[in-house]
Amino acid sequence: MDYALRLGRRALGTTAENPNVGCVIVKDGVVAGIGWTMPGGRPHAETVALGMAGGRARGATAYVTLEPCAHHGRTGPCAEALLGAGVTRVVTALTDPDPRVSGGGHAMLRAAGVACETGLMAEEASRDMAGFLTRIRLQRPQVILKLAVSADGKIAAGPGQRTSISGPEANARVHLLRAQCNAILVGMGTVLADDPELTCRLPGLEARSPRPFVLGGAGHLPPASRLARRGVEVVEGPLPGLLADLGRRGLNTLLVEGGARAARSFLEAGLVDLFLLIQSPVTLGAGGVDMLAGLSLDQALQPFALSGQEMLGGDRLSVYEARP
Ligand code: AOF
Ligand code: ZN
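All residue numbers refer to positions counted from 1 along the written sequence of the respective chain. Chain labels run from A onward and ligand labels from 1 onward, assigned in the order the entries are written. Totals for whole chains, interfaces and linings use every residue, but because this is a predicted model, local features are given only for residues with pLDDT of at least 70 and side-chain atom pairs only at 80 or more, for both listing and counting. Excluded from the side-chain calculation are hydrogens and water; included are all heavy atoms of the structure.

Asker: Explain the overall build of the protein chain here, please?
Answerer: Regarding its fold elements, the protein chain presents 12 helices and 15 strands. Here the globule rule reads 2.2 Å times residues to the power 0.38, and the radius of gyration is calculated from C-alpha atoms. By the compact-globule yardstick of 20 Å for 324 residues, the protein chain fits well, its C-alpha radius of gyration being 22 Å. When its C-alpha atoms are laid out on the principal axes, the protein chain stretches across 70 × 35 × 35 Å. The cut-offs for exposure are 20% and 50% of the maximum accessible area for each residue type, with area from a 1.4 Å probe on protein chains only; residues under the lower value are buried, those over the upper are exposed, and the others partly exposed. Every one of the 324 residues in the protein chain was classed for burial, and the buried ones make up 50%. In what follows, residue pairs with any heavy atoms lying within 4.5 Å of each other are defined as contacts. Considering only contacts within the protein chain whose residues lie at least 6 apart along the sequence, 72% involve residues at least 24 apart. For the area figures, the Shrake-Rupley method with a 1.4 Å probe applies, and any residue is considered shielded solely by the protein chains shown. Of the accessible surface of the protein chain, which amounts to about 14100 Å², a share of 53% is contributed by carbon and sulfur atoms. We score Asp and Glu as negative and Lys and Arg as positive, and we do not count His or the chain ends. For this purpose, a charge sits on NZ of Lys, CZ of Arg, CG of Asp or CD of Glu. Distance between charge centroids for the protein chain: 3 Å, based on 32 positive and 29 negative side chains. Each helix is a run of H or I in the DSSP string that is no shorter than four residues. Each strand is a run of E no shorter than two, and both are numbered from the N terminus.

Printed below as a string of structure tokens:
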């Protein structure tokens with residue numbers, strides 16, 4: 001299952017509105033086939049793994065990170081494909097909350113006499129597929145807030161000044177995160193101050209840039225800005241309605257990259273699921289721009305629990321998960 005989860009993670013950010021599922025087929029202790037959900041959401045992971053396994057799937061065990069689907073979509077149900085290939089045991093991490101599946105895949109397999117267990121590495125799978133799970137359960141994308149701040153809690157040396165705060169290792173991690181998210185959003189203040197591009201610039205992953213959005217309100221999008229030239233959507237209005245709209249459009253994950261006012265709005269609305277705080281050792285001084293536009297970090301972190309910390313070069317990344 002650990003291997004299947006790793007395979008599923010390769011597809012992060014590429015499968016919306018589908019989840020990023022991984023599948024490993026094992027016959028007599030040997031891996032016979034592997035697969036993950038293909039870009040755009042089809043073929044599903046099981047179909048890919050069965051294709052590789054061929055006749056070796058007969059009598060094999062399939063490890064799948066999500067319950068095999070039971071509905072007729074663009075192709076037949078994966079549960080049926082597993083049965084057709086002669087798989088005799090299926091182990092899954094999670095039940096699929098999609099109302100079209102929701103236990104139906106497991107039931108179909110059991111009814112046909114397949115040994116079927118679920119719940120293996122469920123916690124890890126819930127983290128990996130949090131985007132899809134959040135969209136199905138809350139009808140909105142999972143919101144990941146990322147902020148890079150100085151040792152004294154500033155995001156820029158002064159108002160309107162583009163300031164680089166974190167080092168190359170942290171920046172590379174942020175670009176990987178962009179590749180793994182469906183959409184990215186910044187406030188108009190950040191567009192005016194930084195003129196960001198919001199693309200993934202990791203070698204080989206350039207095609208995986210998330211769809212860009214700007215939260216309007218403070219001024220207009222300058223026609224000569226990088227985002228205007230790329231084509232960006234300016235969105236406005238109360239955040240819950242805005243997120244519901246992104247959810248209806250099939251986006252599983254939204255990365256909010258600042259600035260201070262956008263971060264504060266999402267935090268105050270209780271709409272941040274994952275808060276990634278990058279703290280650099282540099283000091284910007286009293287003239288710097290406060291990281292949360294007046295909201296204290298202690299207060300902002302109240303609804304979160306620290307779930308991990310690591311050093312990225314000289315910068316510290318702290319991961320906070322919203323408490324359920
Ligand atoms: C699986 N394996 O790899 C994925 C699954 O629109 P469709 O027909 O592609 O179906 C989408 C639904 O299928 C999606 O909402 C989720 O319930 C399931 N995704 N299922 O067995 C996979 N990606
Ligand atoms: Zn399927």
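Asker: How do you make sense of the sheet that holds strand E2 (residues 30–36) when you look at a structure like this?
Answerer: Sheets are built from strands that pair by backbone hydrogen bonding, the pairs being arranged parallel or antiparallel. Overall, mixed pairing links the five strands, which are arranged E2-E1-E3-E4-E5 in an open sheet. Whereas interior strands pair on both sides, the edge strands pair on one side only; in this sheet they are E2 and strand E5 (115–118). Along the sheet, successive strands turn relative to each other by an average axial angle of 15°, direction set aside. To define axes, lines are fitted to C-alpha atoms, for helices over the stretch in contact only, and angles between the resulting N-to-C directions are given on a 0 to 180 degree scale. Relative to E2, helix H2 (residues 45–53) is tilted by about 145°, and along the sheet it contacts strand E1 (22–27), E2 and strand E3 (61–64). A pair of strands counts as paired when DSSP detects no fewer than two bridges linking them.

Asker: How do you make sense of the coordination of the zinc ion (ligand 2) when you look at a structure like this?
Answerer: Metal-coordinating donors are taken as N, O and S atoms lying within 2.8 Å of the metal, or within 3.2 Å when the metal is Na, K or Ca; because water is left out, some sites can appear incomplete. Distances from the zinc ion (ligand 2) to its protein donors, His44 (ND1), Cys69 (SG) and Cys78 (SG), fall at 2.0 to 2.2 Å. Site shape is set this way: if four donors have all angles between 85 and 135 degrees, tetrahedral; if opposite donors are over 155 degrees apart and all others between 65 and 115, square planar for four donors and octahedral for six; otherwise irregular. Around the zinc ion (ligand 2) sit four donor atoms; with metal-centred angles ranging over 95 to 119°, the donor geometry is tetrahedral. Donor residues binding the zinc ion (ligand 2) come from one chain and are separated in sequence as H-x24-C-x8-C. Here the residue His44 occupies a position in the loop between E2 and H2, and Cys78 occupies one in helix H3 (residues 78–84), the gap between them amounting to 34 residues. We classify His44 as buried; its relative accessible area is 12%.

Asker: Which parts of the structure should I look at to understand the packing of aromatic side chains?
Answerer: For Phe, Tyr and Trp, rings pair up if their centres lie within 6.5 Å, where Trp contributes its six-membered ring, and each pair is then called stacked (planes under 30 degrees apart), edge-to-face (over 60) or tilted (otherwise). Inspection of every chain in the model, using the stated rule, returns two aromatic pairs. A centroid spacing of 6.1 Å and a plane angle of 45° characterise the contact between Phe275 and Tyr320, whose relative ring orientation is tilted. Highlighted residues: Phe275 in strand E12 (residues 274–279) and Tyr320 in strand E15 (residues 315–322), separated in sequence by 45 residues. On the accessibility criterion, Phe275 (0% relative accessible area) is buried. Taken together, Phe275, Phe304 and Tyr320 form an aromatic cluster joined through their ring pairs. Positioned over the ring face of Trp36 is Arg10, at 4.6 Å from the centre of the ring. A ring is considered to have a charge above it if a Lys NZ or an Arg CZ atom is located within 6 Å of its centre and within 35 degrees of its normal.

Asker: I keep staring at helix H11 (residues 260–268) and nothing clicks. Help me out?
Answerer: Because an α-helix packs 3.6 residues into every turn, residues spaced three or four apart end up facing the same way. Taken together, the buried positions of H11 are Ala260, Ala262, Ala263, Phe266 and Leu267. Down the axis of H11, the sector holding all buried residues measures 165°, keeping them to one side. After H11 finishes, the residue Gly270 shows a positive phi value of roughly 65°. The arc in question is formed by the directions pointing from the helix axis toward the C-beta atoms.

Asker: Looking at this model, I keep getting lost on the site of ligand 1. Mind explaining?
Answerer: Within the structure, ligand 1 sits among 20 residues, and Asn18, Arg42, Glu46, Asp96 and Asp98 are positioned closest to it. By the criterion applied in these results, polar contacts are pairs of N or O atoms within 3.5 Å in which, for protein atoms, one can donate a hydrogen and the other can accept it, and in which residues neighboring in sequence qualify only through two side-chain atoms. One of the backbone N or O atoms of Ala45 is found 2.8 Å from an oxygen atom in ligand 1. In this structure, an oxygen atom belonging to ligand 1 sits 3.0 Å away from a main-chain N or O atom of Cys69. Look at ligand 1: alone it shows 520 Å² of surface, and the protein chains cover 95% of it. One heavy atom within 4 Å of a molecule or strand is enough for the residue carrying it to be called near that molecule or strand.

Asker: Just checking my understanding: could you explain the side chain of Thr190 for this structure?
Answerer: Tracing the chain through its elements places Thr190 in helix H8 (residues 188–194). Excluding residues within four positions of it along the chain, Thr190 makes contact with Asp195, Pro196, Gly258 and Gly259.

Asker: Looking at this structure, I do not really get the pattern of salt bridges. What am I missing?
Answerer: A side chain of one charge can pair with a side chain of the opposite charge when the charged atoms of the two come close. Only one rule defines a salt bridge in this text: a Lys or Arg side-chain nitrogen within 4 Å of an Asp or Glu carboxyl oxygen. This structure, assessed with the given rule, holds 16 salt bridges. The partner of Arg100 in a salt bridge is Asp98, and the shortest N-O contact between them spans 2.9 Å. For Arg100, a relative accessible area of 52% gives the class exposed. A salt bridge links Arg127 to Glu321; its shortest N-O distance comes to 2.6 Å. You can see Arg127 sitting in helix H5 (residues 122–128) and its partner Glu321 sitting in strand E15, a full 194 residues away along the chain. Here the salt bridges do not stand alone but share partners, grouping Glu233, Asp245, Arg248 and Arg249 into one network.

Asker: Can you walk me through the environment of Val256 in this structure?
Answerer: Positionally, Val256 belongs in strand E11 (residues 253–256). You can call Val256 buried: its relative accessible area is 0%. Taking the C-alpha atoms as reference points, Val256 and Ile136, 120 residues apart in sequence, are found 20 Å from one another. The residues touching Val256, leaving out its near neighbours within four places in the chain, are Val143, Ile144, Leu145, Lys146, Leu185 and Phe266.

Asker: Help me out: how do you make sense of the sheet that holds E15 in this one?
Answerer: Pairing is mixed in the open sheet, where eight strands are placed in the order E10-E9-E8-E11-E6-E12-E15-E14. Looking along the sheet, the strands with just one partner apiece sit at the ends: strand E10 (233–235) and strand E14 (304–312). Adjacent strand axes in the sheet meet at a mean angle of 25°, parallel and antiparallel pairs treated alike. Relative to E11, strand E6 (residues 142–149) runs parallel, the two being bridged by four bridges.

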